[in-house]
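Observations on chain architecture
Each chain, written out:
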Amino acid sequence: MAMGFFCLALFLYLSLDPDSGYTSASAAAPSGKEGVEVTFGSAIKLMHEKTKFRLHSHDVPYGSGSGQQSVTGFPGVTDSNSYWIVKPVPGTTFKQGDAIKNGATIRLQHMKTRKWLHSHLHASPISGNLEVSCFGDDSNSDTGDHWKLTIEGSGKTWKQDQRVRLQHIDTSGYLHSHDKKYQRIAGGQQEVCGIREKRADNVWLAAEGVYLPVNESSK
């Protein structure tokens, strides 16, 4: 596991600003305590609060719907396919290391395949809700990759171990998961989809990751 974090830190060092430091967080902060700031450029794992599965993707397409790269909930903690780089949307002035305020619109780029967390009106494979997929690449992104961050509670900027919701801009669906599991292409992994209603299964927390230090002027 230590080697995995070393490789992740090296990847960020080479692909982002080489003068930036980082904070490595191997698990969420203790219950009831806020963790480090989640900043633009950080590579994090998102933990589904209710089931503790991590938001996950891999180079396996859906067999129905859009046929795009599948997104699931993964039960393990150490799999590198669960890392997502937090990015601003195009046309904004946010910089690497800027704090992310409540209500901000963000994108999540799958670190390993470089595709963006995406949603649309295709039906999800198990429950028939809004499909969540991975789509595009470093130079190909659209509004289907845009998500609004809402912090549950009184927090003003996103921090590790805060309860948050991600609402898809185009469809208004909340990023959602539940204990409905795949049997074949991703056996044991659970469905991730979009649902337009606020529910307990819409809540996520930033967990393990490499957190870039915050630009104090952005808070």
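Heads up: these notes are all about the structure in this document. (Residues numbered from 1 in each chain as written. Predicted model: local features only at pLDDT ≥ 70, side-chain atom pairs only at ≥ 80, totals over all residues. Heavy atoms only, no water.)

Moving on, we come to the pattern of salt bridges. Using the criterion set out here, one finds seven salt bridges in the structure. A salt bridge links Arg-114 to Asp-138; its shortest N-O distance comes to 3.3 Å. Remark: Asp-138 occurs in the loop between strand 8 (130–135) and strand 9 (147–151) and Arg-114 occurs in the loop between strand 6 (105–110) and strand 7 (116–123); sequence separation between them is 24 residues. Take Asp-138: its relative accessible area is 51%, and that puts it in the exposed class. Close ionic contact of Arg-165 with Glu-152 constitutes a salt bridge, the shortest N to O distance being 3.1 Å. (Salt bridge = Lys/Arg side-chain N within 4 Å of Asp/Glu carboxyl O. Helix = DSSP H or I, 4+ residues; strand = E, 2+ residues; numbered from the N terminus. Buried < 20%, exposed > 50% of the residue type's maximum accessible area, 1.4 Å probe, protein only.)

Before going further, it helps to examine the packing of aromatic side chains. A full pass over the atoms with the stated rule returns one aromatic pair. On the numbers, 5.1 Å between centres and 35 degrees between planes, the contact of Phe-40 with Phe-94 is tilted. Residue Phe-40 is found in the loop between strand 1 (23–25) and strand 2 (43–48), and its partner Phe-94 is found in the loop between strand 5 (84–88) and strand 6; the two are separated by 54 residues along the sequence. The class of Phe-40 is buried, set by a relative accessible area of 2%. Classification of Phe-94 by relative accessible area gives partly exposed; the value is 40%. One cation-aromatic arrangement involves Lys-45 over Tyr-83; the distance from NZ or CZ to the ring centre is 4.7 Å. We note Arg-107 situated over the ring of Trp-116; from NZ or CZ to the ring centre the distance is 4.0 Å. (Phe/Tyr/Trp six-rings, centres within 6.5 Å; stacked < 30°, edge-to-face > 60°. Lys NZ or Arg CZ within 6 Å of the ring centre and 35° of its normal.)

Bringing the nonpolar core into the picture now. In terms of nonpolar packing, the biggest core is built from 28 residues, with Ile-106 and Trp-158 touching the most fellow members. At the level of elements, strand 2, strand 5, strand 6, strand 8, strand 9, strand 10 (164–168) and strand 13 (204–211) are the ones that each hand at least two residues to this core. Excluding anything up to four places from it in sequence, Trp-158 contacts Glu-37, Val-38, Ile-44, Leu-46, Val-86, Ile-100, Ile-106, Leu-149, Ile-151, Val-164 and Ala-206. (Core = buried A, V, L, I, M, F, W, Y, C linked by side-chain atoms within 4.5 Å. Contact = heavy atoms within 4.5 Å.)

Of all six residues in strand 12 (residues 190–195), six are buried, a share of seventy percent or more. Bridge count between strand 4 (residues 69–74) and strand 12: two bridges; the pairing is antiparallel. When the bridges of strand 12 are listed, Thr-72 appears paired with Glu-191. Pairing analysis gives two bridges linking strand 8 to strand 12, with the strands arranged antiparallel. Residue pairing in the sheet places Leu-130 in a bridge with Gly-194 of strand 12. Pairing analysis gives five bridges linking strand 11 (residues 174–181) to strand 12, with the strands arranged antiparallel. (Pairing = 2+ DSSP bridges.)

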